[in-house]
Structure formats: C-alpha cells, structure tokens
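# Chains, contacts and geometry: an overview
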Amino acid sequence: MDLFTDRRPRAALFALILSATMILPATAAAADPLRDAEAVVSAARRTLGRFQADPEMSWFRDHIGATMAVLIVPKRIRAGLIFGGSGGVGVLLARDSASGEWGQPVFYNLGGASLGLQAGGERSEVVLLIQSQAGLDSFLSSNLQLGAEAAVAAGPVGAGAGENVSSEILTFVRSKGLYAGASLDGTVIQPASERNAAYYGSEVTATDILVRKIVQ
C-alpha cells in the first residue's frame, strides 16, 4: 500500500518521529543529569550573548528587557526528508513582576514533528520571548504545544524590523545548515523533570520554581 495515500501508516510514522524527538533530550541527560543541567545553563548564557551581539537582532536586544520571560535553547537539532523531526533542551527564566529581577531557571525538553515539503538538516540556537502572563502560564502545563495552547509568531529580525508585534510568544532563531520547512509552530515543550531535580537537589515542578519560588 502506498505510504502517501494511506493515512494510517503515515500517522503512525509521524507519531513515532514525535516520540523520538521528545525522548532524545531526556536520554542524553541520563548519564550525569547535574553536569548536563549545568552545561545547558552555561550554553544558554553564551547563546543569549550571541543574540544580543548579533546586528540583525536589534529588535530583540531593545525589547528583551521588557519581556515577562525568556526560554533559551542553546542547541536545537532538526532534520527531515518529507517527514521531519526536531529536538532540544532549554532553560526558562521569568521576571518577578514586583522587583523586576530574573528568577531561577526551569529546564524544558523541546520536540516536534512535521510533514510536508522539507529537506536537509539544521542546528540552531533558539530564544523565545514570552510577552504575556497567559503565555507564561502555559509553561506550567506538563505538555505545551506552541500554536495550540499558546499563540506563537516569528520575532522581527533585521534593520527594518517593525515595532508593532502582537503575540504571546515570539521566536528568534540563529542557525547554520540547510533546511526548508516547518517552523516552531507545533513544537511540543515539556518540563525536563530529571534535569530540574538534579539542578535543585530535589523533585520540583515548574510551578515550584516559577510561582512558589521555593528553590535556590
């Protein structure tokens, strides 16, 4: 039976790709979760520095100081040929509404699958600016899908980037490699429980870190 005319095997393969991209980040952390978590934090600092220094990211640089939260993904890998998959690990920092100070990091796994005209492979750095309380609250979920539970749009890039940008979450990407296809819309984001536990020395949830603020 033709894979492209029968929807059942196509749907099964799509689900398999999505499952694999969500499992890979967690598997990578299994050997030494604490060291891995610390490495992600260090890589996130370097990524943020590169975004702020990038001349094409002037809008990003001018507005990050006013955003409610930021999710930094130092390395996102995606590849595909007709069927595509992506995966990565990031840290989210939220700003205290009273003091304006940034809080403690929350680790998240990212994964996604796509179907359509796409080819090649790409390694990229990704930063999400979360601009509303509703957008930040969506990260308290155990399973967030961008574009479904939270509105997401590509952030303005380049010298002519406009000022009027309206979306709960804006995505900014710096990449190397060849790829034509899916965006971050549809990406699934889940708390990286093992990394969070290793980093803070106990089992904690995103709510513990972002809302109750019981960790240091």
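What counts as what
Residues numbered from 1 in each chain as written. Predicted model: local features only at pLDDT ≥ 70, side-chain atom pairs only at ≥ 80, totals over all residues. Heavy atoms only, no water. Helix = DSSP H or I, 4+ residues; strand = E, 2+ residues; numbered from the N terminus. Buried < 20%, exposed > 50% of the residue type's maximum accessible area, 1.4 Å probe, protein only. Contact = heavy atoms within 4.5 Å. Areas by Shrake-Rupley, 256 points an atom, 1.4 Å probe, with all protein chains shown as cover. Axes fitted to C-alpha atoms, helices over the stretch in contact; angles between N-to-C directions. Parallel < 35°, antiparallel > 145°, perpendicular 65-115°, else oblique. pLDDT = per-residue confidence, 0-100.

## So, the overall build of the chain
A tally of helices and strands in the chain yields 6 helices and 6 strands. Listing each helix as α and each strand as β along the chain from the N terminus yields α-α-α-β-β-α-β-β-β-β-α-α. The proportion of buried residues among the 216 residues of the chain is 42%. A fraction of 73% describes how many contacts in the chain between residues 6 or more apart in sequence connect residues 24 or more apart. With an accessible surface of roughly 10900 Å², the chain has 55% of that area assigned to carbon and sulfur atoms.

## Quick notes on the side chain of T187
Take T187: it is sitting in the loop between β5 (169-180) and β6 (188-191). With residues near it in sequence (within four places) discarded, T187 still touches R76, L110, G111, L144, Q145 and L146.

## Re the packing of helix α2 (residues 33-53) against helix α5 (residues 193-200)
The contact between α2 and α5 brings their axes to 8 Å, and the two run at 95°. With respect to α5, the axis of α2 lies roughly perpendicular. Taken together, the residues of α5 that come into contact with α2 (itself represented by P33, L34, D36, A37, E38, V40 and V41) are E194, R195, A198 and Y199.

## Some details on the environment of G103
On the secondary structure map, G103 appears in the loop between β1 (69-94) and β2 (106-130). C-alpha separation for the pair G103 and L92, spaced 11 residues apart in sequence, amounts to 9.2 Å. Apart from residues lying up to four places away in sequence, G103 is in contact with L93 and A94.

## Some details on the confidence of the model for the chain
A residue-level look at the chain finds 71% of positions with pLDDT of 70 or above and a mean pLDDT of 78. Within the chain, no element has a lower average pLDDT than helix α1 (residues 7-28), which sits at 45, and none a higher one than helix α6 (residues 206-212), at 95.

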